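Close look at the chain arrangement
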Amino acid sequence: MNTQMRGSINFYAGEIKEVSAQVRARNPNEVVVITEARYQLWNVSAGETAEEGILEIDGDTVSVILGINTPGVFELKFTVKVGAETFIEKATVQVVG
């Protein structure tokens, strides 16, 4: 199994975007069943969590709608559980005013 989310995401302050990642099995005949999915948005400059919660699950895709009002650099982390495995995917989020 593997997940993929873009390495860098750009926002304007106040902009609202959906960010998603797809979980794919190495074997194309294998069905992916996501049992749990969470996200954390870390404000790098402030050194604190700006937002966290549960990701929406739609088949083999997880997503969240983000609206970031503060300019700066953030790290978005998706933690996805499929069976006994846990996958973590991270992306840098740049927010400009």
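What comes next concerns the included structure. (Residues numbered from 1 in each chain as written. Predicted model: local features only at pLDDT ≥ 70, side-chain atom pairs only at ≥ 80, totals over all residues. Heavy atoms only, no water.)

**Comments concerning the overall build of the protein**
- Within the protein one finds 0 helices and 9 strands.
- In the protein, the succession of α and β elements from N to C terminus is β-β-β-β-β-β-β-β-β.
- Expected size for 97 residues packed as a compact globule is a radius of gyration near 13 Å; at 14 Å, the protein falls within 12% of this value.
- Along the first, second and third principal axes, the C-alpha atoms of the protein reach 45 × 20 × 20 Å.
- Across the 97 residues of the protein, 33% fall into the buried class.
- Taking the average location of the 8 positive side-chain charges in the protein and that of its 13 negative ones, the two points are 5 Å from each other. (Helix = DSSP H or I, 4+ residues; strand = E, 2+ residues; numbered from the N terminus. Rg over C-alpha atoms; globule rule 2.2 N^0.38 Å. Buried < 20%, exposed > 50% of the residue type's maximum accessible area, 1.4 Å probe, protein only. Lys, Arg positive; Asp, Glu negative; His and termini not counted. Charge placed at Lys NZ, Arg CZ, Asp CG, Glu CD.)

**A few points about the sheet that holds strand 4 (residues 34-43)**
- Read from one edge of the open sheet, 5 strands run 2-9-8-4-5, paired in mixed fashion. In this open sheet, the two strands that pair with only one neighbour each are strand 2 (8-12) and strand 5 (48-54). Taken pair by pair, the neighbouring strands of this sheet meet at an average axis angle of 25 degrees, ignoring direction.
- Pairing of strand 4 with strand 8 (residues 72-82), which is carried by 9 bridges, proceeds in the antiparallel orientation. In the strand pairing of strand 8, Tyr-39 is matched with Phe-78. (Pairing = 2+ DSSP bridges. Axes fitted to C-alpha atoms, helices over the stretch in contact; angles between N-to-C directions.)

**Considering the environment of Arg-24**
- As for its position among the elements, Arg-24 is in strand 3 (residues 16-24).
- Residue class for Arg-24 comes out partly exposed when judged on its relative accessible area of 49%.
- Considering only alpha carbons, one finds Arg-24 and Asp-60, 36 residues apart in sequence, at a separation of 7.0 Å.
- In this structure the side chain of Arg-24 is engaged in a polar contact, spanning 2.8 Å, whose partner is the side chain of Gln-22. (Polar contact = N/O pair within 3.5 Å; in protein donor to acceptor, adjacent residues only side chain to side chain.)

**A closer look at the pairing of strand 4**
- Inspection of the sheet shows strand 4 paired to strand 5 by 6 bridges, in the antiparallel sense. Directly across from Arg-38, in strand 5, lies its bridge partner Ile-54.
- Counting the residues in the hairpin turn of strand 4 and strand 5 gives 4 residues, including Gly-47, whose phi is positive at 70 degrees.

**Remarks on the packing of aromatic side chains**
- If you walk through the whole model with that rule in mind, you get 0 aromatic pairs.
- Positioned above the aromatic ring of Phe-11 is the side chain of Lys-17, whose terminal nitrogen or guanidinium carbon lies 5.1 Å from the ring centre. (Phe/Tyr/Trp six-rings, centres within 6.5 Å; stacked < 30°, edge-to-face > 60°. Lys NZ or Arg CZ within 6 Å of the ring centre and 35° of its normal.)

**Some thoughts on the nonpolar core**
- Formed by 25 residues in total, the largest nonpolar core has its most connected members in Ile-34, Val-62, Leu-76, Phe-78, Val-80 and Val-93.
- Elements represented by at least two residues in this core include exactly strand 2, strand 3, strand 4, strand 7 (61-67), strand 8 and strand 9 (85-96).
- The greatest single-element share of this core, amounting to 5 residues, is contributed by strand 8. (Core = buried A, V, L, I, M, F, W, Y, C linked by side-chain atoms within 4.5 Å.)

**Examining the pattern of salt bridges**
- In this structure the tally under the stated criterion is 1 salt bridge.
- For the salt bridge of Lys-81 with Glu-36, the shortest nitrogen-to-oxygen distance reads 3.9 Å. Separated by 45 residues along the polypeptide, Lys-81 in strand 8 and Glu-36 in strand 4 bring together distant segments of the chain.
- Given the relative accessible area of 32%, Lys-81 is considered partly exposed. (Salt bridge = Lys/Arg side-chain N within 4 Å of Asp/Glu carboxyl O.)

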